[in-house]
Protein chains: 4
Amino acid sequence: MVAALLMLTLLSGCGPEVRAPNTEQSENEPGWTWSDERVAETVNAVRAGRTLQPAEWPDGARVAVLLSFDVDNETVTGLRYGDATVGSLSQGQYGARAALPRVVGLLDREGVPASFFIPAVSLVVDPSQIGVIEAAGHHEFAVHGWIHELNSSLDAGTEQALLQRAVDYMTEATGVRPLGYRAPSWNFSPNTLDIIREMGFLYDSSLMADDRPYEINANGEATGMVELPVEWILDDAPLFNPRVDRYANPRDVLQVWKDEFDGAYAERSMFLLTMHPHVIGHRSRIVVLEELIRYIKAHDGVWFATHLEAAVYVKEQAGL
Amino acid sequence: MVAALLMLTLLSGCGPEVRAPNTEQSENEPGWTWSDERVAETVNAVRAGRTLQPAEWPDGARVAVLLSFDVDNETVTGLRYGDATVGSLSQGQYGARAALPRVVGLLDREGVPASFFIPAVSLVVDPSQIGVIEAAGHHEFAVHGWIHELNSSLDAGTEQALLQRAVDYMTEATGVRPLGYRAPSWNFSPNTLDIIREMGFLYDSSLMADDRPYEINANGEATGMVELPVEWILDDAPLFNPRVDRYANPRDVLQVWKDEFDGAYAERSMFLLTMHPHVIGHRSRIVVLEELIRYIKAHDGVWFATHLEAAVYVKEQAGL
Amino acid sequence: MVAALLMLTLLSGCGPEVRAPNTEQSENEPGWTWSDERVAETVNAVRAGRTLQPAEWPDGARVAVLLSFDVDNETVTGLRYGDATVGSLSQGQYGARAALPRVVGLLDREGVPASFFIPAVSLVVDPSQIGVIEAAGHHEFAVHGWIHELNSSLDAGTEQALLQRAVDYMTEATGVRPLGYRAPSWNFSPNTLDIIREMGFLYDSSLMADDRPYEINANGEATGMVELPVEWILDDAPLFNPRVDRYANPRDVLQVWKDEFDGAYAERSMFLLTMHPHVIGHRSRIVVLEELIRYIKAHDGVWFATHLEAAVYVKEQAGL
Amino acid sequence: MVAALLMLTLLSGCGPEVRAPNTEQSENEPGWTWSDERVAETVNAVRAGRTLQPAEWPDGARVAVLLSFDVDNETVTGLRYGDATVGSLSQGQYGARAALPRVVGLLDREGVPASFFIPAVSLVVDPSQIGVIEAAGHHEFAVHGWIHELNSSLDAGTEQALLQRAVDYMTEATGVRPLGYRAPSWNFSPNTLDIIREMGFLYDSSLMADDRPYEINANGEATGMVELPVEWILDDAPLFNPRVDRYANPRDVLQVWKDEFDGAYAERSMFLLTMHPHVIGHRSRIVVLEELIRYIKAHDGVWFATHLEAAVYVKEQAGL
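What counts, and at which threshold
- Within every chain, residues take consecutive numbers counted from 1 along the sequence as written.
- In the order they appear in the text, chains get letters beginning with A and ligands get numbers beginning with 1.
- This being a predicted model, a pLDDT of at least 70 is required before a residue's local features are given, and a value of 80 or more before pairs of side-chain atoms are given or counted; all residues contribute to the totals for chains, interfaces and linings.
- Think of the side-chain values as coming from all heavy atoms in the structure, minus any hydrogens and water.
- Where helices and strands are cited, they refer to DSSP runs of H or I of at least four residues and of E of at least two residues respectively, numbered from the N terminus.
- In this setup the radius of gyration rests on C-alpha atoms only. A globule is expected at 2.2 Å times the number of residues raised to 0.38.
- Only protein chains enter the accessibility calculation, which uses a 1.4 Å probe; a residue is then buried when its area is under 20% of its type maximum, exposed when over 50%, and partly exposed in between.
- Whether two residues are in contact is decided by their heavy atoms, any of which lying within 4.5 Å being enough.
- All accessibility values rest on the Shrake-Rupley procedure with a 1.4 Å probe; residue burial counts only the protein chains present in the view.
- Positive: Lys, Arg. Negative: Asp, Glu. His and the chain ends are not part of the count.
- A charge is said to be at NZ when it belongs to Lys, at CZ for Arg, at CG for Asp and at CD for Glu.
- In protein, a polar contact means a hydrogen-donor-capable atom and an acceptor-capable atom, both N or O and within 3.5 Å, with residues adjacent in sequence counting only if both atoms are side-chain atoms; elsewhere, any N or O pair within 3.5 Å suffices.
- Helix axes are fitted to C-alpha atoms over the stretch in contact, other axes to C-alpha atoms as well, and angles between N-to-C directions run from 0 to 180 degrees.
- Here is the rule for angles: anything less than 35 degrees is roughly parallel, anything more than 145 is roughly antiparallel, 65 through 115 is roughly perpendicular, and the remaining ranges are oblique.
- In this count, Pro and Cys sit with the nonpolar residues alongside Ala, Val, Leu, Ile, Met, Phe, Trp and Tyr, while Asp, Glu, Lys and Arg are called charged and the others, Gly among them, polar.
- Between any two strands, pairing holds if DSSP finds at least two bridges.
- For this document, the term salt bridge refers to a Lys or Arg side-chain nitrogen within 4 Å of an Asp or Glu carboxyl oxygen.
- Side-chain rings of Phe, Tyr and Trp (the six-membered ring for Trp) are treated as a pair once their centres are within 6.5 Å; stacked means planes under 30 degrees apart, edge-to-face means over 60, and tilted covers the remaining angles.
- A positively charged side chain is recorded as over a ring if its NZ (Lys) or CZ (Arg) lies within 6 Å of the ring centre. The angle to the ring normal must also be within 35 degrees.
- As a per-residue measure, pLDDT tells how confident the predictor is, with possible values from 0 to 100.

Novice: Report on the overall build of chain A, specifying residues and quantitative values.
Specialist: Secondary structure assignment for chain A yields 11 helices and 10 strands. The C-alpha atoms of chain A give a radius of gyration of 19 Å, which matches the 20 Å a tight globule of 320 residues would have. With respect to the three principal axes, the spread of C-alpha positions in chain A is 55 × 50 × 40 Å. Looking at chain A residue by residue over its 320 residues, the buried ones come to 67%. Intrachain contacts of chain A at a sequence separation of at least 6 include 73% that bridge at least 24 residues. Accessible area for chain A stands at about 9700 Å²; split by element, carbon and sulfur atoms hold 48% of it. Once the 24 positive and 45 negative side-chain charges of chain A are each reduced to a mean point, those two points are 7 Å apart.

Novice: Go over the side chain of A:Glu74 with me, naming the residues and quoting the values.
Specialist: Tracing the chain through its elements places A:Glu74 in the loop between β2 (63–70) and α3 (86–110). A polar atom in the side chain of A:Glu74 sits 3.4 Å from the backbone nitrogen of A:Gln93.

Novice: Tell me what's going on with the packing of helix α8 (residues 250–267) of chain C against helix α10 (residues 283–297) of chain D, and back it up with residues and numbers.
Specialist: Relative orientation of the contacting elements α8(C) and α10(D) amounts to 85°, with a least axis distance of 7 Å. Classified by the angle their axes make, α8(C) and α10(D) are roughly perpendicular. Here C:Val256, C:Asp259, C:Glu260, C:Gly263, C:Ala264 and C:Glu267 of α8(C) come into contact with α10(D), specifically with D:Arg283, D:Ser284 and D:Val287. Residues of the contact of α8(C) with α10(D), tallied by class, amount to 3 nonpolar, 2 polar and 4 charged.

Novice: Could you give an account of the arrangement of the chains, with specific residues and numbers?
Specialist: No part of chain A reaches chain C; the closest C-alpha pair between them is 9 Å apart. At their nearest point, the C-alpha atoms of chain B and chain D are still 9 Å apart, with no contact between the two.

Novice: Give me the pairing of strand β7 (residues 214–218) of chain C: which residues, what numbers.
Specialist: All names here are of chain C. Taken across its 5 residues, β7 has 5 buried, putting it largely inside the fold. Alignment of strand β1 (residues 46–51) against β7, held across 4 bridges, turns out to be antiparallel. Across the sheet, the residue bridging to Val46 is Ala218, located in β7. One ladder, built from 4 bridges, connects β7 with strand β8 (residues 221–227); its direction is antiparallel. In the sheet register, Asn217 faces β8, and the bridge partner there is Ala222. In textbook terms, the turn of a hairpin is the stretch between consecutive antiparallel strands, and for β7 and β8 this stretch comprises 2 residues, one of which, Asn219, has a positive phi near 50°.

Novice: Explain unusual backbone geometry residue by residue, including any values.
Specialist: Its identity is not glycine, yet D:Asn73 carries a phi of approximately 45°, on the positive side. The topology assignment puts D:Asn73 in the loop between β2 (63–70) and α3 (86–110).

Novice: Help me get a handle on the environment of A:Leu272, residues and values and all.
Specialist: Residue and element names in this part refer to chain A. Looking at where Leu272 falls in the secondary structure, it is placed in strand β9 (residues 270–275). We classify Leu272 as buried; its relative accessible area is 3%. C-alpha of Leu272 to C-alpha of Ser205: the two residues are 67 residues apart in sequence and 9.7 Å apart in space. Each residue touching Leu272, except ones within four places of it in the same chain, is listed here: Leu66, Ser68, Arg182, Ser205, Leu228, Pro229, Val230, Leu234 and His307.

Novice: Summarise the pattern of salt bridges; cite the residues concerned and give the values.
Specialist: Residue and element names in this part refer to chain A. In total, this model carries 60 salt bridges over all chains according to the counting rule given. The partner of Arg38 in a salt bridge is Glu29, and the shortest N-O contact between them spans 3.3 Å. You can call Arg38 partly exposed: its relative accessible area is 33%. Residue Glu29 is classed as partly exposed on the basis of its relative accessible area of 43%. Three or more residues joined by partner-sharing salt bridges are found here, namely Glu110, Glu290, Arg294 and Lys297.

Novice: Tell me about the packing of aromatic side chains, residues and numbers included.
Specialist: Under the definition given, this model contains 47 aromatic pairs over all chains. Consider the rings of C:Trp186 and C:Trp232, whose centres lie 4.7 Å apart with planes at 10°: the pair is stacked. With C:Trp186 in the loop between β5 (180–181) and α7 (192–198) and C:Trp232 in the loop between β8 and α8, this pair connects stretches of sequence that are 46 residues apart. As far as burial versus exposure is concerned, C:Trp186 and C:Trp232 are alike and both buried. An aromatic cluster of at least three residues, connected via ring pairs, comprises A:Phe261, A:Tyr265, A:Phe271 and A:Tyr295. Above the plane of the ring of D:Tyr214 lies A:Arg97, whose end atom (NZ or CZ) is 5.1 Å from the centre.

Novice: So what's going on with the side chain of C:Thr192? Which residues, and what values?
Specialist: Secondary-structure assignment places C:Thr192 in helix α7. Not counting chain neighbours up to four residues away, the residues in contact with C:Thr192 comprise C:Asn151, C:Glu159 and C:Tyr181.

Novice: Explain the confidence of the model for chain A to me, and be specific about the residues and the numbers.
Specialist: All names here are of chain A. Looking at chain A, pLDDT values average 91 and 92% of them are 70 or higher. Within the model, the stretch residues 1–26 combines pLDDT values under 50 with 87 contacts to residues more than four positions away or in other chains. Two numbers describe this predicted complex: its pTM, 0.93, and its ipTM, 0.92.

Novice: Explain the environment of B:Leu234 to me, using residue names and the numbers behind them.
Specialist: Residues and elements named next belong to chain B. Mapping Leu234 onto the fold places it in the loop between β8 (221–227) and α8 (250–267). Assessed through its relative accessible area of 5%, Leu234 is described here as buried. Separated by 121 residues in the primary sequence, Leu234 and Pro113 have C-alpha atoms spaced 18 Å apart.

Novice: Report on the environment of C:Glu41, specifying residues and quantitative values.
Specialist: Residues and elements named next belong to chain C. Along the chain, the position of Glu41 falls in helix α2 (residues 36–44). Judged by relative accessible area, Glu41 falls into the exposed class, the value being 59%. Taking the C-alpha atoms as reference points, Glu41 and Asn219, separated by 178 residues in sequence, lie 7.2 Å from one another.

Structure (structure tokens):
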């Protein structure tokens, strides 16, 4: 069991969590012994409901482009599991010290807004990041847990308390109450949806049932919660950790991202890309982000927006 | 042992099963202690027999092109092993919601038939997929287990009962009795061949002894069962799971598929490619399938067929 | 411990063995507690001695090109560890049925000799391979163990007995006594060198201390045994197993092999490439071997030879 | 637990250590239970302090280029953990026998200085390497542990004693006391910083908080220790171990290294690349190093320096 946990840690690297096999898996009942009712209940507990893809984007734009940055820093390189080392913390510090200014500098030079999903402890450790993000005046602060805790494995009380602590801290530190949530595990516990509804979040950006915004249903009932879906292939972390995970040539990844954008443009839908300052902020990767932004800007009818702006817009369009 | 099971789960990702090391392996007798008779019996239990490669394909075509889609959806992202989470199920829902319409739309625009190998539960969860597949009138429904159960690890009774349940459900739901079988594990248990023979399947598409169709022998005797062989390098799943498996540049994979087609064309044999809607249906991969289809269509003498049409043809040509 | 063994099996895939961490590792004494004498004895037990790089190759050729094929087939896909399944055996059968004729056909069309390192059981399972290899009249039969046993983990008696059985079988089956040895594990047990010296092998091709042929020393003494070194980057197996290992674009691998050849050509040394019929024999890889052979043949001063011819030549040149 | 250790060994391959999950991890208290004080103390124990990026490099150069080679050889292929085999040692011997002369030959032909970080045992095993490195007269000898021990896991006394032994040996063997330190684990134990300060090292090159040189702080206090940071993406080892780790196309890696250099050039900072003779010294990789050097030399304003020269310079510029 310990070995299994270690392997998970190793494989999960510095990015969001891999879908963790249930560590009681050997006690799971395999699906072929389930009743049809149990399958239906399980599938419908939290599920994509009606599409929130608008007929068109603001000002007749063809496509919405949403860039997000998960500012994980030291929280994923040692703090969340309490296994920090000098070396692992130095990898995390790179995010605030070297990478964030480079990333924000590029965004601001190009005049592009973005959403920053932040585990509150990243700001506790280095509060100077707030000013860096605030300077352009149009970036969004959103919540990514207290310390990048593995929310999907926590009991409801702990999960709620950590999230409340994060919201309180960020509201105080930035002066604005965050309205966007991204689960640190890119996954929900059985309680996550209830928690974020009760806390008044406007949207979530953690699930993967579509390329387009949708409303989340709970047990078949519409909840009004907007989902702005993510995808592992629209994430820099899984592919850029050459020591413990996988490593892709950044320029090959650029091609994938361009192809994803082209598809969104052709279908008049949405392109949402998640990055991490300590990952994309390296010199051999920032060139890829720069080229991607320029490629997108060379198209007519592109609406660059924060996740919050997009969530508000699709909610209004849907009459929610 | 638990750790080993977890690793297998992790490594097997969302695609068909990796060849699972026997979990009683420590009790296996290594091959160097076996008698020649035991080697021969083991090798011959189920083995490729005579080739069913026809002298030529219908209308003098040089090459048969068989496209298959394993419609796994939620069955492989949580249901089969009973370890579903909100996030993993959302990845499965992507298959029916976003990917299948995109895949079928492309096939139908290009006028190309395909075979859909479906774990019955995928249709139970979202029956609207039946209409999407049926619309063009020429796609094949085939069976891929009840819930993508790991058939190669089940006792004979369980394996048979699940497969019967799948066939009954699909016959009822689609109005046509499926005649093609693909093992969910891309592997046979010691009982699989007997089960599918007794249930009257016309062909199997799970094994890998050749690039060309062949007849399966059992203990050295011809069985009349047609094998349309698959291959991991002609499968989208192993290479496109950046979080837990491997990730290849889709355009590099396209080159491999073109090279495989070119070889089939030169040798006047068969090109069989397996995909999964929730894998190939992403925007950065559908462009690859589109380009592959156009590349193939630019050749003379190509016979696009369902697996069933190919199986019937090679059986007739061989006088089976 | 069982979990560890399973992981090794998984990771070692269908190719030669990964350097197996000693399963008693937790009982190993770490190197920082060793005496200098123990370090020296360990390092010198079996070690590269004087170079056998000749001043020039036959007829003044600049470079020797040695192609080898490890004909593993079913031995590595289920037989050696006694964990065969129907599916895994079908992957092995591909080697003899589809791949070997394609590989030998290419070699013979191009007029290039090669050495076939064969676990004897591969020939027991499908003796028709002997005729396929023999037809051109210049290919070499060499030994790769009885059943691809993990020789580096066996006691001396077992290792010797299996190798003797393999030599006896191959001598009988092919009519020629094999003089070349390649360890199934691409590694030596503490007894391997003694065993192959006593059995009269002329050369080994399993170790990696150089790009050029060398004489193996034992405890600092020259043994007269010729080593024709191999390398994982000059091997097709580690990179072409998309389901359980790694997957590289074949055309990228071609570039590496060309670069290795160019280096050998510039340094007037040796280019030794190991392949496996069931790996390189796929349609999307055989094109790479074909292009490599044509690339090499476009150079002047290339000596294509079997490993045996090269071993005899360098031995003579060195006055051994 | 044993399984976990084996996995770590497997995954860590022949390169520096992966950040090892604490094997007592199950006893770690997860970060979400920590007090803010504990977070702050942990993060600040050893942390990047003020930048040592100079206003300009010597003679007005725009960029400093520091090439380092970790001469690991047999220490990482069997000696450090006491699990050497004949085959693994042959892979290590390749470093001194085939690779180092090729690497140094290239550097000397191009007139470029470099720093060699050496586990002392590599020189004990093959002292002829000293003369190879010394010949050009401008390369630096620096320390990389006694036997590539996993320093981050050792108690303070053992770590210190091994390092002292390494320094004494290298001073005696090369005639110069080494002033540069690179941790064998590319990580610090809680004692490493104290040990290297007490032993009088001028700089460290093991941590990753920036692309530019910086001063290391201890518990918030400046220490005067210069850090020349490394990075896994500026390291050849993680990407070039096709059997047990990852494998990247060398020419793709060249592009990453060029992009990293271009960024350093644009930002007028530093480009520090770590290689290993037994990794980069293969024929298909040395061409990449050659092309990189020529690419860099085609730029004006490049200062090639040893790590020691750079450390002395930035210290002086900062008035340290």
